[in-house]
Amino acid sequence: MKAWTLTAAGGLDHLTLGEVPDAAAPAAGEVRVAVRAAALNHHDLFVVAGLPGIDYAPPKIVGADAAGVVESVGPGVTRVRPGDRVFINPGISCRACEFCRRGEHSLCVRYRILGEHLPGTLAELVTVPEPNVAAIPELPTPLSWAEAAAFSLVTLTAWRMVVTRAQVRAEDWVLVWGIGGGVALTALRIAKSRGATVIATSSSADKLARARALGADHVLNHGTQQVAREVRALTGKRGVDVVVEHVGAKTWEESLRSLAKGGRVVTCGGTSGPRLITDVRPLFWHQHSILGSTMGNDAEYAEVVRRLGAGELRPVMDRVVPFAEARAAYAHLERGEQFGKVAVEIGG
Ligand SMILES: [Zn+2]
């Protein structure tokens, strides 16, 4: 099969498209999917840059998100059959450890992500456990393969952040950094669907206008405005109840300064750097909460798929590129120019 592989960590010039052995035939409880589209996430850039503890031995097939057609199934698979249209939840859990038994699959002690610890989705075939595929819902305007591929990772991540971890309610003010990326756009829409008042930031006036069109109540240009000060002005000095963080080093202190008493900051990562400075005094005095969040569990995945079927949470797309141009799609993501998801069409 054809696949994009990484010959070494360190940069996009190590990404190559070539022939690799087919994804393994599905064992018991597994499904092999003929991929029709894959979608990129910031996570894919981290894999290219190099992550500690990851095996880069060839062929290192990249990509986490995907959608496609079930090509074959292993013994014991009952929920899907060959020919079904599915998308893939890229987080693979063992389903045996104490966290999995508790239903917290993204806390699995053996949690692995496609394209990071396991062969990825920028390939004509990928093999995953049966619980990691879900039927693509029928919609009045059917989802394209690219939209379906772009759904799982960011929607699951944003749902767990906003609903499960930060427990956003209608009376909350929510600050979402860096609108344009998939998690931020999805968090904005989920927070709005719960009735919250949302402040979105970007350094691009164009992205801020588009954030307003998607429901943001207020927008701030973090390139020219001091976010915490503007947040205080917008909230009558009170601050926001929830900050949706994914930027890390560059924004962390502003995030904490933006919080109201009892506020919570929820983070799924740090695209600008991993080391954060936290002053403990406001943390305890104002009784703030710092919440980590990664991907989501089976119940959360089922819920976001159900909501997609009800017409919510359709991915916002930036662009779709042919399979041969995946490296350019990575470069586009690296420049941070996107508003919505970047997807790659494969096969079909
Ligand atoms: Zn587990």
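Here the structure is a predicted model, which means the values were calculated and not measured.

**What about the coordination of the zinc ion?**
Metal coordination angles have textbook ideals: 109.5 degrees for a tetrahedral set of four donors and 90 or 180 degrees for an octahedral set of six.
Part 1 of the argument: Surrounding the zinc ion are the protein donor atoms Cys94 (SG), Cys97 (SG), Cys100 (SG) and Cys108 (SG), at 2.3 to 2.4 Å.
Part 2 of the argument: Around the zinc ion, the four donor atoms sit at angles spanning 100 to 118°, and that spread fits a shape best called tetrahedral.
Part 3 of the argument: Going along the chain, you hit the donors of the zinc ion in the pattern C-x2-C-x2-C-x7-C.
Part 4 of the argument: For Cys100, a relative accessible area of 6% gives the class buried.
Part 5 of the argument: According to the relative accessible area criterion, Cys108 is buried, its value standing at 7%.

**Some thoughts on the sheet that holds strand 1 (residues 2–6)**
Hydrogen bonding along the main chain pairs the strands of a sheet, whether they run parallel or antiparallel.
Part 1 of the argument: The strand order across the open sheet formed by three strands is 2-1-4, and the pairing between neighbours is antiparallel. Looking at strand neighbours, the two that pair on one side only are strand 2 (15–19) and strand 4 (60–61), the edges of this open sheet.
Part 2 of the argument: Direction of pairing for strand 1 relative to strand 2: antiparallel, over a ladder of five bridges. Following the sheet pairing, Ala3 is matched in strand 2 by Gly18.

**Observations concerning a nonpolar patch on the surface**
Part 1 of the argument: Together, Val280, Phe284 and Trp285 make up a nonpolar patch on the protein surface, roughly 390 Å² of accessible area in all.
Part 2 of the argument: Its location among the elements puts Trp285 in helix 9 (residues 280–285).

**As for the packing of helix 4 (residues 152–165) against helix 5 (residues 182–193)**
Part 1 of the argument: Orientation of helix 4 relative to helix 5, taken along the N-to-C sense of each, is 50°, at an axis distance of 8 Å. When the interaxial angle is binned, helix 4 and helix 5 end up oblique. Judged by the sense of rotation from one axis to the other, the crossing of helix 4 with helix 5 is right-handed. The segment helix 4 lies against helix 5, with Val154, Thr155, Thr157, Ala158, Trp159, Met161, Val162 and Val163 engaging Gly182, Val183, Thr186, Ala187, Ile190 and Ala191.
Part 2 of the argument: Of the residues that constitute the contact of helix 4 with helix 5, the class distribution is ten nonpolar, four polar and no charged.

Reading the values: rules and limits
Residues numbered from 1 in each chain as written. Predicted model: local features only at pLDDT ≥ 70, side-chain atom pairs only at ≥ 80, totals over all residues. Heavy atoms only, no water. Donors = N, O, S within 2.8 Å, 3.2 Å for Na, K, Ca; no water. Tetrahedral: all angles 85-135°; square planar, octahedral: opposite > 155°, others 65-115°. Buried < 20%, exposed > 50% of the residue type's maximum accessible area, 1.4 Å probe, protein only. Pairing = 2+ DSSP bridges. Helix = DSSP H or I, 4+ residues; strand = E, 2+ residues; numbered from the N terminus. Patch = residues over 30% accessible without salt bridge, like charges linked within 9 Å, V, L, I, M, F, W, Y side chains within 5 Å. Areas by Shrake-Rupley, 256 points an atom, 1.4 Å probe, with all protein chains shown as cover. Salt bridge = Lys/Arg side-chain N within 4 Å of Asp/Glu carboxyl O. Axes fitted to C-alpha atoms, helices over the stretch in contact; angles between N-to-C directions. Parallel < 35°, antiparallel > 145°, perpendicular 65-115°, else oblique. Left-handed = near helix turned anticlockwise from the far one by under 90°. Contact = heavy atoms within 4.5 Å. Nonpolar A, V, L, I, M, F, W, Y, C, P; charged D, E, K, R; others polar.

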